[in-house]
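# A look at the structure
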Amino acid sequence: MTDATQQGPGRDAGAGVLPDGTAIEAADIAASPPQRALVLHRQLDKVWRDLPGWRGFFTSVNHGTIGLRFMATSFVFFAIGGVLAMMIRAQLATRDGAFLDVELYNQIFTMHGSIMMFLFAIPLLEGLALWLLPKILGARDMAFPRLSALGYFCYLFGGTVIVLSLLFGVAPDGGWFMYTPLTSRTYSPGINADIWLLGVTFVEISAMAAAVEITVTILRCRAAHMPLTKMPLMAWYLLGTSVMMLLGFPPLILGSILLEVERAFGWPFFDVARGGSPLLWQHLFWLFGHPEVYIIFLPAAGALSTIIPILSRTTILGYGAIVAAVIGLVFLSFGLWVHHMFTVGIPHMALAFFSAASALVAVPTAIQIFAWIGTMYEGRVTLRLPMLYVMGFFATFVMGGLTGVMLAMVPFNWQAHDTHFVVAHLHYVLVGGFVFPMLAAVSYWMPLISGRWRVAGLGEAAFWLILIGFHGTFFLMHLTGLLGMPRRVATYPGDPEWEWLNLISSIFGMVQAAGFALFAFDIVMQWLFGRRSWRNPWKAPTLDWAMPLPAPSYNFASLPGPRQPDADAILPLARGEGLLPGAPRGWRETLVVEPGSGRPQHVMVLATNTALPVATSAAIGSFFAMMLAGLYWLAPLGILATLIMAWRWGEIMGTTTDHPPAEVAPGLSLPLHWQVRNTLAHTGAVALLVADATLYASLLFGVGFLTVVAPGWPAPETGFGPWMLPLALAALAAMAVSTVIAHLAEARRDSAALRVWTLAGLGAAGLGLALLAPLALGLDDPTRHARDALRGAVVGFAVAHGVIAVMLALRAHVDAVRGRIGGDRRGALPVWQLFQKFWLATSIVSVALICAQEVLA
């Protein structure tokens, strides 16, 4: 038997190589002998199934269960947002609409936008990704099952709080973009804005969790020898989406934190009188807001790239060009945020740049559309229900794209800005580019979800109602916008020429709502009464159809390898002729591969059912609840509860014994993840730090922007004492020593002095953290000026990461004491090193920044 684990402490056992140094090639992997499929099924089902009853709701971590929960919950919120939209249309149907008063109308249009963006669109794509990715990649689960469950409960709790605020009359009312100073404490003294800021930030924990999860799963949890260049296009789209989420969400999270701190404690980040600027909020918001459009669009485009060739009975045209277009969209989307701010007084040179970039984004979009059209032209299109929604996409999204090019032109943008023309464009892009493809995706994958075939006729009727209702509603808004009707007005008594257009829009809006209701009814009927579907009903070649219907909790009885590359391998995989057949060790196992080539590296043992994610989300939620209630002095208890839960996550990880390698195929055994360094956890930590670095860069952007642009500068004379610089240098020295010790501890992990090394590292990290306390206390009053508030935020960032570093150092020490670290087991040492380096690097930059301010003042 080939054993890839027989390597010493100084060598990484997870390099995807054989003991003699040669790579594990496809030819090294033989087919496993066939076994009885029923026996394999029972063995795997016992290990992977959810607990029965209510315990299953709170303890399940399986990607299939969590993904379906995400999607079902998002459609519930979509229905709520749809009802709010109908209330808006009822109000605007007549010029003196008395259906809603102005205060309630403001809450409703704010909640409609917020729900559709944060509680429907993003969670739906997260749910689709969680449910689908392991199936199309040939894995048994996502990389971090507990993280999936944590994200779901944060989304559920946060979304519920936001929606319930509407019932109590305290819903957010400042628009879904929450512009300051409208949402500052002066103009929004209630808790309405706090609910948005705290609730959305709580919900966005799920988005960040999903971004890390999706990135690591696509890079590391694919079928053996599935290279990046040959993985399904859907995976490329989701990889682009997850990268955009890692880079796009941190600015919004930072902005929400800063605005909430300003409202709660009076730190003036956006207050002009004290050196702040409302434009900083707009920049941070749209640094998220514009990539958000493509974060929503890319998974939908992935569904189109999957469905179109299959229902056209051909292969996709231009695989490489589409991948290049996806990468191009990811880059371009981050250069467009300013086109939402053309009217705020941007310099002309910047206007020209962002206008050109906005028009340029049409190029990669057009490449995809032409590829889809070419694919249909080359194939034989069958107009099944999913393809009807694809046609609806073409009829809608292309028009939204054309009006987008119009709005990218600065002169036209100045005329149409904040009118109903923009509302129409937004809905053509989002409904055309996301809702229609998602409805196509649901129709396409429902047999795999439910195991049943739909009731004939209902779906087609729903499609036509939605299509006609949508265009009847929003096409006319282009005209009301060109006639000058602004957004967010509750009545328009002096403009009778807008009335008949609004009345027709409202009537078609009701038609559209009836179509969505019929779509939901069709899904319920299919789930409950549809006839049993046959395997692979679309005759698709992808791996998601290489499994029984409905999909079992473990996906594949044996994992696909180079001998089982597509859906034709459904029977060999069920007989265990793939990799890692069954669950002989009673663990949830999946294969981990090299990111580029897909060569197998090691076997990952995944988490099983646990209530830890729901308990952790409750602990995080307690912090947000205390902040929302204004009990700021109790909020640290929520942080403490969260830290305790975080510690519990590490408690149940690791092993104190060396396990033998796992046989993945005849003649090929691979190490378990405890024996390798480059684990999924390590890759996930890198992805998390990418997002963390983006948040820190956004904070630095805030410092630079306010220093250069905001009125009310230069800041008042500083009280920066001469003793503070030596103290800061001492803190940096302690951080550096701890970083070095973390490296030495891993290098000497099989020595008897390991506990001494980890204890010394813990002491140095603790000293670095302790030295930050007098530095924070020595800063000027952060409520005095934006410069002082920003310095407080920078030091707060260092303190937060110091706490994380100390906890990881303590975890490493406890691992050493309990025997979880040894020659072939590293425990938390690699992740501790990563955070130590990040803490040190960002702290050096922060000290340099403050010193530069002092010198230049």
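Residues numbered from 1 in each chain as written. Predicted model: local features only at pLDDT ≥ 70, side-chain atom pairs only at ≥ 80, totals over all residues. Heavy atoms only, no water.

## With respect to the overall build of the chain
Along the backbone of the chain there are 24 helices and 5 strands. A compact globule built from 857 residues would reach a C-alpha radius of gyration of about 29 Å, and the chain, at 28 Å, matches this within 12%. Considered along the principal axes of its C-alpha atoms, the chain spans approximately 85 × 75 × 50 Å. Burial status across the chain gives 60% buried among its 857 residues. Excluding contacts between residues fewer than 6 apart, the proportion of contacts in the chain whose partners are at least 24 apart in sequence is 80%. (Helix = DSSP H or I, 4+ residues; strand = E, 2+ residues; numbered from the N terminus. Rg over C-alpha atoms; globule rule 2.2 N^0.38 Å. Buried < 20%, exposed > 50% of the residue type's maximum accessible area, 1.4 Å probe, protein only. Contact = heavy atoms within 4.5 Å.)

## Quick word on the pairing of strand 3 (residues 600-606)
Buried residues dominate strand 3, accounting for 7 of its 7 residues. Hairpin geometry of strand 2 (residues 588-593) and strand 3 is characterised by an intervening segment of 6 residues between the two adjacent antiparallel strands and by a positive phi of about 85° at Gly-598. (Pairing = 2+ DSSP bridges.)

## Concerning a nonpolar patch on the surface
A contiguous nonpolar surface patch, about 440 Å² in accessible area, is contributed by Val-524, Trp-527, Leu-528 and Phe-529. Along the chain, the position of Phe-529 falls in helix 16 (residues 499-529). For Phe-529, a relative accessible area of 58% puts it in the exposed group. (Patch = residues over 30% accessible without salt bridge, like charges linked within 9 Å, V, L, I, M, F, W, Y side chains within 5 Å. Areas by Shrake-Rupley, 256 points an atom, 1.4 Å probe, with all protein chains shown as cover. Salt bridge = Lys/Arg side-chain N within 4 Å of Asp/Glu carboxyl O.)

## Describing a positive patch on the surface
A cluster of like positive charges, contributed by Arg-313, Arg-380, Arg-384 and Lys-539, occupies part of the molecular surface. With respect to the secondary-structure elements, Arg-380 resides in the loop between helix 11 (362-378) and helix 12 (385-408). Classification of Arg-380 as exposed rests on a relative accessible area of 59%. (Lys, Arg positive; Asp, Glu negative; His and termini not counted. Charge placed at Lys NZ, Arg CZ, Asp CG, Glu CD.)

## Digging into helix 22 (residues 754-777)
At 3.6 residues per turn, the α-helix brings residues three or four places apart onto the same side. Spanning 24 residues, helix 22 covers 36 Å between terminal C-alpha atoms, matching the ideal 34 Å at 1.5 Å per step. For helix 22, the set of buried residues is Leu-754, Thr-758, Gly-761, Leu-762, Ala-764, Ala-765, Gly-768, Leu-771, Leu-772 and Leu-775. For helix 22, the secondary structure elements touched by its buried residues are helix 21 (724-747), helix 23 (786-817) and helix 24 (829-856). (Expected span 1.5 Å × (residues − 1).)

## So, the pattern of salt bridges
Within the structure shown, the criterion is met by 21 salt bridges. We note a salt bridge from Glu-594 to Arg-599, for which the minimum N-O separation is 3.5 Å. Among the residues examined, Glu-594 registers a relative accessible area of 18% and is labelled buried. Taking the shortest distance from any N to any O, the salt bridge between Glu-854 and Arg-791 comes out at 2.7 Å. With a gap of 63 residues between them, Glu-854 in helix 24 and Arg-791 in helix 23 connect regions that are remote in the sequence.

## Brief notes about the domain arrangement of the chain
Split into domains, the chain comes out as domain 1 (60-529), domain 2 (608-646) and domain 3 (714-856). With 20 residues of domain 1 in contact, the opposing surface of domain 2 contributes 15 residues. Summing the contributions of domain 1 and of domain 2, the shared interface buries around 1400 Å²; its carbon and sulfur component is 83%. Between the two partners, domain 1 and domain 2, sit 0 residue pairs in polar contact (both at pLDDT 80 or more). Of all the secondary structure elements, the ones that give two or more residues to the side of domain 1 that touches domain 2 are helix 5 (145-167), helix 6 (192-220) and helix 7 (233-265). Among the elements that line the side of domain 1 that touches domain 2, the one with the most residues is helix 5, at 7 residues. Here the residues of the side of domain 1 that touches domain 2 sort into 14 nonpolar, 2 polar and 4 charged. (Domains from an automatic or database assignment. Buried area = accessible area lost by both parts, 1.4 Å probe. Polar contact = N/O pair within 3.5 Å; in protein donor to acceptor, adjacent residues only side chain to side chain. Nonpolar A, V, L, I, M, F, W, Y, C, P; charged D, E, K, R; others polar.)

## Describing the packing of helix 8 (residues 278-311) against helix 20 (residues 680-708)
Running from N to C, helix 8 and helix 20 cross one another at 150°; their axes reach a closest spacing of 11 Å. When you trace helix 8 past helix 20, the crossing you get is right-handed. Across the interface between the two elements, Leu-279, Leu-280, His-283 and Leu-284 of helix 8 pack against Ser-698, Phe-701, Gly-702, Phe-705 and Leu-706 of helix 20. Taken together, the residues that form the contact of helix 8 with helix 20 break down as 6 nonpolar, 3 polar and no charged. (Axes fitted to C-alpha atoms, helices over the stretch in contact; angles between N-to-C directions. Left-handed = near helix turned anticlockwise from the far one by under 90°.)

## Observations regarding the packing of aromatic side chains
Aromatic ring pairs are reported here in terms of the distance separating the ring centres and the angle at which the planes meet. Considering all chains together, one arrives at 57 aromatic pairs under this definition. With 6.4 Å between their ring centres and 70° between their planes, Trp-54 and Phe-58 make a pair best called edge-to-face. Placement of the pair is Trp-54 and Phe-58 together in helix 2 (residues 53-59), with a separation of 4 residues, close to one helical turn. On the basis of relative accessibility, which here comes to 36%, the residue Phe-58 falls in the partly exposed class. Between Tyr-152 and Phe-153, the aromatic rings sit 5.5 Å apart at their centres with planes inclined by 70°, giving edge-to-face as the arrangement. In this structure, Arg-811 packs its charged tip against the face of Trp-647, placed 3.8 Å from the ring centre. (Phe/Tyr/Trp six-rings, centres within 6.5 Å; stacked < 30°, edge-to-face > 60°. Lys NZ or Arg CZ within 6 Å of the ring centre and 35° of its normal.)

## Focus: unusual backbone geometry
Across the junction of Thr-180 and Pro-181, the peptide omega takes the value 5°, indicating a cis bond. Look at His-225: it is not a glycine, yet its phi comes out positive at around 65°. Tracing the backbone through its elements, the reader meets His-225 in the loop between helix 6 and helix 7.

## Comments concerning the confidence of the model for the chain
Low-confidence regions, as indicated by low pLDDT, have predicted coordinates that should not be scrutinised in detail. Taken over all residues, the pLDDT of the chain has a mean of 93, while the share at 70 or more is 97%. When pLDDT is averaged over each helix and strand of the chain, the minimum, 42, is found for strand 1 (residues 2-3) and the maximum, 97, for helix 3 (residues 63-92). In the model, residues 1-14 has pLDDT below 50 throughout and makes 44 contacts with residues more than four positions away in sequence or in other chains. (pLDDT = per-residue confidence, 0-100.)

## Concerning the pairing of strand 2
Of all 6 residues in strand 2, 6 are buried; the element is thus mostly enclosed. Residues Arg-588, Thr-590 and Val-592 line one face of strand 2 and the alternating positions Glu-589, Leu-591 and Val-593 line the opposite face, and both faces are buried. In terms of strand pairing, strand 2 meets strand 3 through 6 bridges, oriented antiparallel. Paired with Glu-589 across the strands is Val-605, a residue of strand 3.

## Thoughts on the nonpolar core
Counting 262 residues, the largest nonpolar core has Leu-133, Trp-372, Tyr-389 and Phe-434 as the members making the most contacts within it. When residues of this core are assigned to their parent elements, the largest contribution, 22 residues, is made by helix 4 (residues 102-137). Of the residues that make up this core, three or more belong to each of domain 1 (60-529) and domain 3 (714-856). Leaving out residues up to four positions away in the same chain, Phe-434 has contacts with Phe-120, Ala-121, Leu-124, Leu-125, Ile-296, Ala-300 and Val-429. (Core = buried A, V, L, I, M, F, W, Y, C linked by side-chain atoms within 4.5 Å.)

## Here we look at the packing of helix 21 against helix 22
Contact pair helix 21 / helix 22: the axes reach a minimum separation of 8 Å and the direction vectors enclose 160°. In terms of orientation, helix 21 and helix 22 fall into the roughly antiparallel class. Crossing of helix 21 over helix 22 shows left-handed handedness. Its residues assigned to classes, the contact of helix 21 with helix 22 comprises 21 nonpolar, 4 polar and no charged. (Parallel < 35°, antiparallel > 145°, perpendicular 65-115°, else oblique.)

## Here we look at the side chain of His-63
If you trace the backbone, His-63 turns up in helix 3. With a relative accessible area of 1%, His-63 lands in the buried category. A distance of 3.4 Å separates a polar side-chain atom of His-63 from the backbone oxygen of Trp-131. For His-63, the contacting residues outside a window of four places in its chain are Leu-130, Trp-131, Pro-134, Lys-135, Arg-140, Asp-141, Met-142 and Asn-555.

## Comments concerning the side chain of Thr-473
Note on placement: Thr-473 falls in helix 15 (residues 458-482). Filtering out sequence-adjacent residues up to four positions away, Thr-473 remains in contact with Ser-505, Phe-508, Gly-509 and Gln-512.

## What to know about the environment of Ile-346
Within the secondary structure, Ile-346 is located in the loop between helix 9 (319-333) and helix 10 (348-360). Using a relative accessible area of 15% as the deciding quantity, one classes Ile-346 as buried.

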